[in-house]
Amino acid sequence: MQASQPEGYSLSMPSSAYVSSAQSNKTIFWFLLCWTGLNLLQAATLGLHSDEAYYWMYSRFMDWGYFDHPPMVAVFIRAGYSLLHNELGLRLLTVLLNPLAIYLLWLIAKKYKANARWFVVLVAGMLSLHIYGFITTPDAPLLLFTILFYYFYQQYLEENKWWLAIALGITVACLLYSKYHGVLVIVFTLLANIKLLRRPSFYLIVVLAAVLYLPHILWQIHHHYPSVVYHLFERSSDTYQPQHTYQYIPGQLLMAGPLIGWFMFYYAFTTRIKNAFIRCLMVNGIGTFAFFLINTLKGNVQPHWTLIGFVPLVLLVLIHLQQPGYKPAWLYKLALVNAGLIVVFRLLLVMQLPPLTKWRPVRSFFAYRQWSRQIQQRAAGAYVIIPSSFQEASKYNFYTRSLKGFDYDERYYRRTQYELWPVEDSLQHQRALLVTDLPVKGLTTDSMQTVKGVRYFNPVNEVRTFQRVDVQAAETKFEARPGQPLTLNVLLTNPYAQAIDFGEMVHGEPITLSACFYQQDELKLEQQAPQNFRQLHIAARKTGKYRFAIQAPLAPGRYDLVFSIRTAPFTGGRNSRVIYFTVR
């Protein structure tokens, strides 16, 4: 397609009045065809992202919810993988539905007389839209349903019809089933137009969305709100780290477009607000980016978390371009070069050039098929346990087409969906190969230089673990004096179909329960429960009580307290949520 500058950028530019609707439709058609072809090529040739493998595991255990996210990504993967058992199958629904989302985005912009060529170079120049055109994580359905929400909401503002309310209710539920970030779209939309509360049809949207979302709410209640605890509490840092804030802004500019990110933000947020829909876009755009900027005060914010903000961003820019005002003639050419650079980079990924495959941001896409086969050969039919790496364990399962890979979440790590799946049940009393990055004293028997680095092999003749046992104290925060004795009343929940006897010996060693005090992810103090813990017996799917006598650390400060059950030869699992423990 020849680079042609859009209307309004110089005296030599053609006016939009001369650009026929038929020509615009033809431009959009060919763009979507090329866009889909590139996404198909990428999806078929690029190895799985580490998170995609984890979400593929979601699809093996369909449920109304998961530890990290709602279930829509599992639905997407299950549908495509049922047709093709490879990377393309896992990504198939994303690749097929993404062009529909982009077309709906065009229909929204078209009502503001957006120029088709500008639409093409801006969409093709946004790194965020490229990534989720084929990669299947919760952001892929989130992008689809965010655009669908704006598509129906634009019409709902124009026509207060019940069928549009029903469509919005279903879309809102799908938004929330995609990713919890979807709630921001709903909140900011309502803040932008409080008058919606006067519409009787608005309450149909609320009720319908709530009813459809009820199964996930019940799942959260049944599992003691794991997603709420993880996202709102366990991901937060207790100290402010300035790099999270100053890295946030360049990350957002990069996602908006490597060369034109600055332009996108400037033009979007200087758009004149002429109606309720533009105001909705403005509030959602500013609100989303401001919300996550504030979140950098309490932890790291990954660049793609703001994906829902890039939809109003590109729409606002397209609207701005049609409003009066000076616009430099060179800007379209820069946008065209920006889009071309991203397309070239994606084609280089398809070619899998060796230097590129080792580049840190993309190296997780490559060589895991071969790595999995190398590990599988050494395992010789045994289960494979990979400590504190739910992504590698999931990749092993995907590329070996099995469920014989297990992530053992160590005490210093984070909890994952592997605490809820019954995968661990299958390992009990079975032979396994513990695969580690460092040798384990007294256990390592062999090592191998794999395509992903050196791995050490540690055979375990009989696995006995209690990773799924949940240990919870009544309180989530404690304050104590240095060295103060405390007795914590804890509940231990046995999720297994068999009773647990903590008095049994595992590989000649007793089962231990420890209170682990961490600062900055470094273990500062570990206290084991006394021998009376070994008298505890918990029936299948029941809860037992235990009074854990501990002593506060001697050094004042803020600690993260985690309960850990250890069986030989493992280091001890993460069996509880974090308890914030302050010594004054």
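Anything mentioned here points back to the structure above.
Described below are features of the structure shown in this document. (Residues numbered from 1 in each chain as written. Predicted model: local features only at pLDDT ≥ 70, side-chain atom pairs only at ≥ 80, totals over all residues. Heavy atoms only, no water.)

1. Looking at the overall build of the protein chain
Part 1 of the reasoning: Secondary structure assignment for the protein chain yields 20 helices and 17 strands.
Part 2 of the reasoning: A globule of 584 residues ought to have a C-alpha radius of gyration of about 25 Å, and the protein chain, at 27 Å, matches this closely.
Part 3 of the reasoning: For the C-alpha atoms alone, the extent of the protein chain along its principal axes is close to 85 × 55 × 45 Å.
Part 4 of the reasoning: When the 584 residues of the protein chain are sorted by exposure, 56% land in the buried category.
Part 5 of the reasoning: Considering only residue pairs separated by 6 or more positions, the protein chain has 74% of its internal contacts joining residues 24 or more positions apart.
Part 6 of the reasoning: Working note: accessible area of the protein chain is about 25500 Å², and carbon and sulfur atoms make up 61% of it.
Part 7 of the reasoning: The averaged location of the 31 negative side-chain charges in the protein chain is 10 Å from the averaged location of its 52 positive side-chain charges. (Helix = DSSP H or I, 4+ residues; strand = E, 2+ residues; numbered from the N terminus. Rg over C-alpha atoms; globule rule 2.2 N^0.38 Å. Buried < 20%, exposed > 50% of the residue type's maximum accessible area, 1.4 Å probe, protein only. Contact = heavy atoms within 4.5 Å. Areas by Shrake-Rupley, 256 points an atom, 1.4 Å probe, with all protein chains shown as cover. Lys, Arg positive; Asp, Glu negative; His and termini not counted. Charge placed at Lys NZ, Arg CZ, Asp CG, Glu CD.)

2. A short note on the sheet that holds strand β4 (residues 446–450)
Part 1 of the reasoning: The strand order β2-β1-β3-β5-β4 describes an open sheet built from 5 strands, whose pairing is mixed. Strand pairing shows two members of the sheet lacking a second neighbour, β2 (405–408) and β4, which therefore form its edges. Between one strand axis and the next, the sheet turns through 30 degrees on average, direction left out of account.
Part 2 of the reasoning: Examined bridge by bridge, strand β1 (residues 383–387) and strand β3 (residues 432–436) share 3 bridges and lie parallel to one another. Within β3, the residue paired with Val 384 across the bridge is Leu 433.
Part 3 of the reasoning: In the packing of helix α18 (residues 368–379) onto the sheet, contacts are made with β1, β3, β4 and β5 (453–460), and the angle to β4 comes to roughly 160 degrees.
Part 4 of the reasoning: Along the sheet, helix α19 (residues 390–400) makes contact with β1, β2 and β5, crossing β2 at roughly 175 degrees. (Pairing = 2+ DSSP bridges. Axes fitted to C-alpha atoms, helices over the stretch in contact; angles between N-to-C directions.)

3. Remarks on helix α9 (residues 182–192)
Part 1 of the reasoning: Listed in full, the buried residues belonging to α9 are Gly 182, Leu 184, Val 185, Phe 188, Thr 189 and Ala 192. Angularly, the buried residues of α9 cover 150 degrees about the axis, an arc narrow enough to put them on a single face. (Arc of directions from axis to C-beta.)

4. Remarks on a nonpolar patch on the surface
Part 1 of the reasoning: Judged by side-chain polarity, Leu 214, Ile 217, Leu 218, Ile 221, Tyr 225, Val 228, Leu 232 and Phe 233 come together as a nonpolar surface patch covering roughly 700 Å² of accessible area.
Part 2 of the reasoning: Those elements that provide at least two residues to the nonpolar patch are α10 (200–222) and α11 (226–234).
Part 3 of the reasoning: The element that contributes the greatest number of residues to the nonpolar patch is α10, accounting for 4 residues.
Part 4 of the reasoning: Looking at the secondary structure, you find Ile 221 in helix α10.
Part 5 of the reasoning: Using a relative accessible area of 40% as the deciding quantity, one classes Ile 221 as partly exposed. (Patch = residues over 30% accessible without salt bridge, like charges linked within 9 Å, V, L, I, M, F, W, Y side chains within 5 Å. Salt bridge = Lys/Arg side-chain N within 4 Å of Asp/Glu carboxyl O.)

5. Description of the sheet that holds strand β15 (residues 543–551)
Part 1 of the reasoning: Ordered by their spatial adjacency, 3 strands build an open sheet running β6-β8-β15, and the pairing between neighbours is antiparallel. Where the open sheet ends on each side, the last strands, each with one partner, are β6 (470–473) and β15. Across this sheet, the average inter-strand angle for adjacent strands is 30 degrees, counted without regard to direction.
Part 2 of the reasoning: Judged from the 9 bridges that link them, strand β8 (residues 485–493) and β15 form a sheet pairing that is antiparallel. Residue pairing for β15: Asn 489 is matched across the bridge by Arg 547.

6. Focus: the nonpolar core
Part 1 of the reasoning: In this structure, Trp 118, Leu 122 and Met 264 are the most contacted members of the largest nonpolar core, which totals 90 residues.
Part 2 of the reasoning: Beyond its immediate stretch of four places on either side in the chain, Leu 122 contacts Ile 260, Phe 263, Met 264, Val 314, Val 317, Leu 318 and Leu 321.
Part 3 of the reasoning: By size, the runner-up hydrophobic cluster in this structure holds 43 residues, among which are Leu 48, Tyr 58, Phe 406 and Leu 433. (Core = buried A, V, L, I, M, F, W, Y, C linked by side-chain atoms within 4.5 Å.)

7. Some thoughts on the packing of helix α7 (residues 139–158) against helix α15 (residues 307–320)
Part 1 of the reasoning: Put simply, α7 and α15 touch, their axes get as near as 9 Å, and they point 40 degrees apart. Two packed elements cross with a definite hand, and for α7 against α15 that hand is right-handed. Note on element contacts: α15 touches α7 through Leu 307, Ile 308, Val 311 and Pro 312, opposite Asp 139, Leu 142, Leu 143, Thr 146, Ile 147 and Tyr 150.
Part 2 of the reasoning: For the contact of α7 with α15, a count of residues per class yields 8 nonpolar, 1 polar and 1 charged. (Left-handed = near helix turned anticlockwise from the far one by under 90°. Nonpolar A, V, L, I, M, F, W, Y, C, P; charged D, E, K, R; others polar.)

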